[in-house]
Amino acid sequence: MAESAVGVNWGTISLHRLKPSTVVDLLKDNKISKVKIFDTDPVVLRALIGSGIQVMVGVPNEMLASLSSSAAASDSWVRQNVTAYMGKGGVDIRYIAVGNEPFLTSYSGQFQSYVVPALLNLQQSLARVNLASYIKLVVPCNADAYESSLPSQGAFRPELMQIMTQIVSFLNSNGSPFVVNIYPFLSLYGNSDFPQDYAFFDGTTHAVTDGANVYTNAFDGNLDTLVAALTKLGYGQMPIVIGEVGWPTDGAIGANLTAARAFNQGLINRVLGNKGTPLRPGVPPADIYLFSLLDEGAKSILPGNFERHWGIFSFDGQAKYPLNLGLGNRLLKNARDVQYFPSRWCVANPSRDLSNVENHMQLACGMADCTTLNYGGSCNGIGAKGNISYAFNSYYQLQNQNVRSCNFNGLGMVTFLDPSVGECRFLVGVSETSSSSHPYSRWVIFWFLLSLGIGVFLV
């Protein structure tokens, strides 16, 4: 087996989106050789041309139905999103993720019937352009695809047994790994009885004993549950890639810089140290893809406010904490040549009565990201006036520091003094963001403002 590598997930659901070329330089400067993206964004793929970085592209779940039902649609997808970027000096696409956690229990089986036919069609499409042996098809699964009280008893969910048997057989016959997403943080977040030290890698007072095997961390226990499930299907030696794993730095109790650094560094050291697990001693995952490269301020917060804070870098490509990716003594390097707006912020006007600020707060936080203000967030303790200023500033930066977007009927004012307090950082936007990269259309914002009866200038 080739030596394990540490890659990253590069998500782009951002309010302040760095130029893709800046992000590719960031990857190269940090010698990150593998990246996973969730779609086939042409701007992102063009930036990866000639980079030498190995890429996993994604087929969104919503496209599985059309790719499963039509060989022509599959051929067209491969032509537009794969062969168009490959060739000498092009993008080095190594994997296509067919769906993203398509068997999540919360999806109630809506994508289940499409996955295998889409796999088969895409494999034939790759074969027709002589890429079937170079590009591997995979199906990233959430760890909820399998279950067990003890790792050695792991099995896929009963309703998935048939389809998993087909998928694993397909993966095996084509030399593809099984890709799984594992999140000890979510186990800790969702279960008040979950022992905190079991989520990390420094030993635990709550070890799990499974026959002769002793598990001292949730990651190993989860991974071996999958190994046992694969063994039950007759594929106990199948290579496993961790498609997503990480720890958020904000937005919830337990989501902070110290915990994120401890988890990610412990994981990297363990994987690159070839420790393996009790069921696979000395055989770590083939690769791991940290989740994630950058914070994504426009992600859905349905799972929790922490969803916008998984990055090892902040939205502007600045390292949040020292992290060694296994490259000697090197720590993370920041993005270069990031173009910021001027150092100015929008804050609550101290000379105005702020008692009627609620609608303005609703506007600002409906458009910008205010998740750090909530319980467990890094800005949770800055007081009512601080909350107003944080919301105003977040919206002001999103509107490219247009002076009229700091009006809020006279309740806001522009300041040149950084209002950040302790770990609560008031951001300054990046001017590299093009208006087209905002995930909201101007008309949606316009009608939202009208519905609130607020006339704030939009750039």
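Rules behind the numbers
Residues numbered from 1 in each chain as written. Predicted model: local features only at pLDDT ≥ 70, side-chain atom pairs only at ≥ 80, totals over all residues. Heavy atoms only, no water. Core = buried A, V, L, I, M, F, W, Y, C linked by side-chain atoms within 4.5 Å. Buried < 20%, exposed > 50% of the residue type's maximum accessible area, 1.4 Å probe, protein only. Helix = DSSP H or I, 4+ residues; strand = E, 2+ residues; numbered from the N terminus. Contact = heavy atoms within 4.5 Å. Salt bridge = Lys/Arg side-chain N within 4 Å of Asp/Glu carboxyl O. Axes fitted to C-alpha atoms, helices over the stretch in contact; angles between N-to-C directions. Parallel < 35°, antiparallel > 145°, perpendicular 65-115°, else oblique. Left-handed = near helix turned anticlockwise from the far one by under 90°. Nonpolar A, V, L, I, M, F, W, Y, C, P; charged D, E, K, R; others polar. Pairing = 2+ DSSP bridges. Phe/Tyr/Trp six-rings, centres within 6.5 Å; stacked < 30°, edge-to-face > 60°. Disulfide = S-S within 2.5 Å. Right-handed = clockwise from strand over helix to strand, strands pointing away.

Looking now at the nonpolar core. In this structure, Trp10, Ile96, Phe156, Phe178 and Leu290 are the most contacted members of the largest nonpolar core, which totals 106 residues. Counting residues per element, this core draws most heavily on helix α8 (residues 218-232), at seven residues. Those residues in contact with Ile96 that sit more than four places away from it in its chain are Val57, Val59, Trp77, Val82, Leu126, Ile135, Lys136, Leu137 and Val138. In terms of nonpolar packing, the next biggest core, distinct from the first, is built from 29 residues, Leu373, Tyr390, Leu398 and Cys424 among them.

All right, on to the pattern of salt bridges then. Any two side chains of opposite charge can pair, given that their charged atoms come close. Under the criterion given, the structure shown has 13 salt bridges. Residue Arg128 is joined to Asp75 by a salt bridge in which the shortest nitrogen-to-oxygen separation is 3.0 Å. A residue pair is termed long-range when its members are at least 10 positions apart, and Arg128 in helix α5 (residues 115-128) and Asp75 in helix α4 (residues 71-83) qualify at 53 residues. Here Arg157 makes a salt bridge to Asp144, at a shortest N to O gap of 3.5 Å. Placement of Arg157 in the loop between β8 (155-156) and α6 (161-173) and of Asp144 in the loop between β6 (141-142) and β7 (146-147) is noted, with a sequence separation of 13 residues between them.

This part covers the packing of α4 against α5. The angle between the axes and the distance between the axes are what describe a pair of packed helices. Where α4 contacts α5, the axes come no closer than 9 Å and their chain directions differ by 55 degrees. Considered as vectors, α4 and α5 are oriented oblique to each other. With respect to the hand of their crossing, α4 and α5 are arranged in right-handed fashion. Across the interface between the two elements, Ala71, Ser74, Asp75, Trp77 and Val78 of α4 pack against Asn121, Leu122, Ser125, Leu126 and Arg128 of α5. Along the lines of polarity and charge, the residues of the contact of α4 with α5 split into five nonpolar, three polar and two charged.

This next bit is on unusual backbone geometry. With omega at 5 degrees, the peptide bond leading from Phe291 into Ser292 counts as cis. Position of Ser292 among the secondary structure elements: in the loop between β15 (287-290) and β16 (345-348). Not every positive phi belongs to a glycine, and Asn400 is a case in point at roughly 60 degrees. By the secondary structure assignment, Asn400 is in the loop between α11 (383-398) and β17 (412-415). Overall, Asn400 belongs to the partly exposed group, its relative accessible area being 31%. The backbone of Phe408 shows a phi angle near 50 degrees, a positive value even though the residue is not glycine. As for its placement among the helices and strands, Phe408 is situated in the loop between α11 and β17.

Another aspect to go through is the environment of Asn264. You can see Asn264 is positioned in helix α9 (residues 257-272). In this structure, the C-alpha to C-alpha distance between Asn264 and Ile301, residues 37 residues apart in sequence, is 22 Å. Leaving out residues up to four positions away in the same chain, Asn264 has contacts with Gly246, Trp247, Leu290, Ile312, Tyr321 and Leu323.

Moving on to the pairing of strand β9 (residues 178-181). Along any regular strand, the residues point their side chains to alternate faces of the sheet. The side-chain alternation of β9 yields two buried faces, one formed by Phe178 and Val180 and the other by Val179 and Asn181. In this sheet, β9 lies alongside β6 in parallel orientation, the contact comprising two bridges. Within β9, the residue paired with Cys141 across the bridge is Val180. Across four bridges, the pairing between β9 and strand β12 (residues 240-245) is parallel. Following the sheet pairing, Phe178 is matched in β12 by Ile240.

Right, let's get into the packing of aromatic side chains. Applying the stated criterion across every chain, the model contains 22 aromatic pairs. Where Phe392 meets Phe408, the ring centres are 3.9 Å apart and the plane angle is 5 degrees; that geometry is what we call stacked. With a gap of 16 residues between them, Phe392 in helix α11 and Phe408 in the loop between α11 and β17 connect regions that are remote in the sequence. This pair shows no difference in class: Phe392 is buried, exactly as Phe408 is. In this structure an aromatic cluster arises from ring pairing among Phe38, Tyr183, Phe185, Tyr189, Phe200, Phe201, Phe219, Trp247, Phe263, Phe291, Phe306 and Trp310.

Taken as a whole, this structure holds three disulfides when the rule is applied. Here Cys346 engages in a disulfide with Cys406; their sulfurs sit 2.0 Å apart. Of note, the bridge from Cys346 to Cys406 carries an S-S torsion of about 90 degrees and is right-handed in sense. Highlighted residues: Cys346 in strand β16 and Cys406 in the loop between α11 and β17, separated in sequence by 60 residues. With respect to burial, Cys346 and Cys406 carry one shared label: buried.

Attention shifts here to the pairing of strand β1 (residues 5-9). Of all five residues in β1, five are buried; the element is thus mostly enclosed. Bridge analysis of β1 against β15 gives four bridges, and the strand direction is parallel. Bridge pairing in β15 places Val8 opposite Leu290. When β1 meets strand β2 (residues 34-36), the two strands line up parallel, connected through two bridges. Directly across from Asn9, in β2, lies its bridge partner Lys36. Handedness of the crossover is the feature at issue here: the chain leaves β1, passes through helix α1 (residues 20-29), returns alongside β2, and the resulting connection is right-handed.

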